[in-house]
Amino acid sequence: MAQRPGARSVEDHAADVARLLAPMLTRPSETVRLGDALGRVLSYDVASPVDLPLFRNSQMDGFAVDAASVSSVPATLPIVATVPAGPAEPAPHVPATAVRIMTGAVLPDGADAVVPVEDTEVSDGKVTVLRSRGAGDFVRERGSDVRTGMQLLPAGTLLEPRHLGVLAAVGLASVGVRTRPRVAVITTGAELVDAGVTPQPGQIFDSNGAALSASLRANGAEVSVVDRSSDEPDAFRACLRRAVARAELVITSGGVSMGDYEVVKDVLTELGARFGPVSMQPGGPQGLALVDEVPVLTFPGNPVSTMVSFEVFVRPLLRRAVGLPGIPHEDAVLDHAVTSVAGKRQFLRGRRTGSGVEVVSGPGSHLVAALAWADVLIDVPADAVSLAAGDRVKVWPL
């Protein structure tokens, strides 16, 4: 079955969104402090500027010796010095003596083994070694872990705590990462109020601002503006001016349907925007605009429609822009039969089960609780009016 007359396919609209956002996908680099680099993506290969360890040091608390002096045990040696961990330049080692040494402390030149404390007995300023040790035992040689110039991390690495630990270990205080797209969010509707206030009759809480902002940050963007407009054109124009001045992309929710008071549609049409239905449910009413060279994507205002629109049209591009790994669609088996609307591609909220996937709510775009319960979108093709239990479907991980 073909898509509905006058409606565009999801694929066609997604292609137009990709073309509009193409300049945003090529990201320059910026240098950030290591403490701010968690979750960012490296823009170039990182090589070590130093050897690790930086110097020969002890792997254990014990005694630095020359291995030849403890080749036959028990061997009793005088303790001639103590070397703690920290700044130190110990005197060269004298054969047939022992130096008390702590883990990580500089090994005296000439000492080539460390005898752990548990293999010794100490009395009257002397140590008796009870187990022989060979050259190199419990000695960390300079550069035995990392050599100067060794590549530590390749460009494109998503920086996690373990990566930051390595970079700090080689003395790097900052690192080059891809810049994050600056995105503005504008929600619209005279009925919207902030969470935490008492709504008056006819008012609802604004969930789209919070959900879109969180989705953008979770996928690598910097949210530069979160604003809300009434249904008055001048109010929306003011929000739009603030947004385009501080963002590379503006996303709006609401005000794009076929009724009255569609403020986004009314204002942006004057600026050359393109609006029209897309053959999908939820999320059918969509629009595109370019305002002062800044792309504007307009989503419908029902919460599920807004979030499905983000998942389908923005999330893949945003992750590509910042270098995050793509989230591939998966094959799954339906646990239960589903029905669909002829000519519309359905994105049903679903949940993985032990055997496949199940639908967790009806198709209504106002049913927000299922967003929390779902972990996938079940993609039902536009030419399917029903699918049976056991049929295979594509799912989009959330």
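Sequence order as written defines the numbering, with residues in each chain counted from 1. Whole-chain, interface and lining totals are the exception, using all residues; otherwise, since this is a predicted model, local features are given only for residues with pLDDT of at least 70 and side-chain atom pairs are given and counted only at 80 or more. Side-chain measures here rest on the full set of heavy atoms in the structure, leaving out hydrogens and waters.

The name an unreviewed UniProt entry gives the protein chain is Molybdopterin molybdenumtransferase, with Rhodococcus parequi as the organism. UniProt positions are given in the numbering used here, feature names are shortened, and annotations may be inferred rather than shown by experiment. You can read under Function (unreviewed entry) in the UniProt record for the protein chain the words "Catalyzes the insertion of molybdate into adenylated molybdopterin with the concomitant release of AMP." According to the UniProt record, the Pathway (unreviewed entry) comment for the protein chain reads "Cofactor biosynthesis; molybdopterin biosynthesis."

A. Inspection of the packing of helix α4 (residues 233–246) against helix α5 (residues 263–270) at higher detail. For the pair α4 and α5, interaxial distance at closest approach is 9 Å and the crossing angle is 65 degrees. Classified by the interaxial angle, the pair formed by α4 and α5 is roughly perpendicular. α5 is crossed by α4, and the crossing has right-handed handedness. Facing α4, whose interface residues are Pro233, Phe236, Arg237 and Leu240, α5 presents Val263, Val264, Val267, Leu268 and Glu270. Angles run from 0 to 180 degrees between N-to-C directions of axes, and those axes are lines fitted to C-alpha atoms, restricted for helices to the stretch in contact. Counting from the N terminus, the helices are the DSSP runs of H or I reaching at least four residues and the strands are the DSSP runs of E reaching at least two. Throughout, the term roughly parallel applies to angles under 35 degrees, roughly antiparallel to angles over 145, roughly perpendicular to angles from 65 to 115, and oblique to all others. What makes a crossing left-handed is the near helix being turned counterclockwise from the far one by less than a right angle; a clockwise turn instead makes it right-handed. A contact between two residues is defined here by any heavy atoms of the two lying within 4.5 Å.

B. Representation of helix α3 (residues 208–218). Turning to α3, its buried residues number three or more, namely Asn208, Gly209, Leu212, Ser213, Ser215 and Leu216. Here the buried residues of α3 occupy an arc of 165 degrees about the axis, which is enough to place them on one side. Across from the buried face of α3, at angles greater than 90 degrees, the exposed residues are Ala210 and Ala218. The inward-facing, buried residues of α3 abut β13 (182–188), β16 (222–229), β17 (249–253), β21 (294–299) and α6 (303–322). Directly after α3, the chain includes Gly220, whose backbone phi takes a positive value near 100 degrees. Think of it in three bands: with a 1.4 Å probe and only protein chains considered, a residue is buried below 20% of the maximum accessible area for its type, exposed above 50%, and partly exposed in between. The arc refers to the directions leading from the helix axis to the C-beta atoms.

C. Quick look at the packing of helix α1 (residues 10–25) against α6. Remark: α1 packs on α6, axes separated minimally by 10 Å, with the N-to-C direction vectors making an angle of 30 degrees. Here α1 and α6 pass one another in a crossing that is right-handed. In this structure, α1 contributes Val10, His13, Ala14, Val17, Ala18, Leu21, Met24 and Leu25 to the contact, and α6 contributes Val312, Phe313, Leu317, Leu318, Arg320 and Ala321. Ten residue types, Ala, Val, Leu, Ile, Met, Phe, Trp, Tyr, Cys and Pro, are classed as nonpolar, four, Asp, Glu, Lys and Arg, as charged, and the remainder, Gly among them, as polar. When its residues are assigned to classes, the contact of α1 with α6 shows twelve nonpolar, one polar and one charged.

D. Up close: the packing of aromatic side chains. Two rings from Phe, Tyr or Trp (for Trp, the six-membered ring) form a pair when their centres sit within 6.5 Å of each other. Planes less than 30 degrees apart are called stacked, planes more than 60 degrees apart edge-to-face, and all others tilted. According to the stated counting rule, one finds one aromatic pair in the structure shown. Judged by centre distance (5.4 Å) and plane angle (85 degrees), the ring pair of Phe347 and Trp396 falls under edge-to-face. Note that Phe347 is positioned in strand β24 (residues 345–352) and Trp396 in strand β28 (residues 392–397), a separation of 49 residues in sequence. Residues Phe347 and Trp396 agree in their burial class; the two are buried.

E. The pattern of salt bridges, seen in detail. Salt bridge, as applied in this entry: a Lys or Arg side-chain nitrogen positioned within 4 Å of an Asp or Glu carboxyl oxygen. Overall, the coordinates contain 23 salt bridges when judged by the stated rule. For Glu141, the salt bridge goes to Arg56, with nearest N and O atoms at 3.1 Å. Here Glu141 is found in the loop between β10 (139–140) and β11 (151–153), whereas its partner Arg56 is found in the loop between β2 (46–47) and β3 (57–58), with 85 residues between them in sequence. The exposure class assigned to Glu141 is partly exposed, which follows from its relative accessible area of 36%. Of the charged contacts, one joins Asp227 and Arg242 as a salt bridge, the two residues approaching to 2.8 Å between their closest N and O atoms. Taken as a pair, Asp227 in strand β16 and Arg242 in helix α4 lie far apart in primary sequence, 15 residues in all. Using a relative accessible area of 41% as the deciding quantity, one classes Arg242 as partly exposed.

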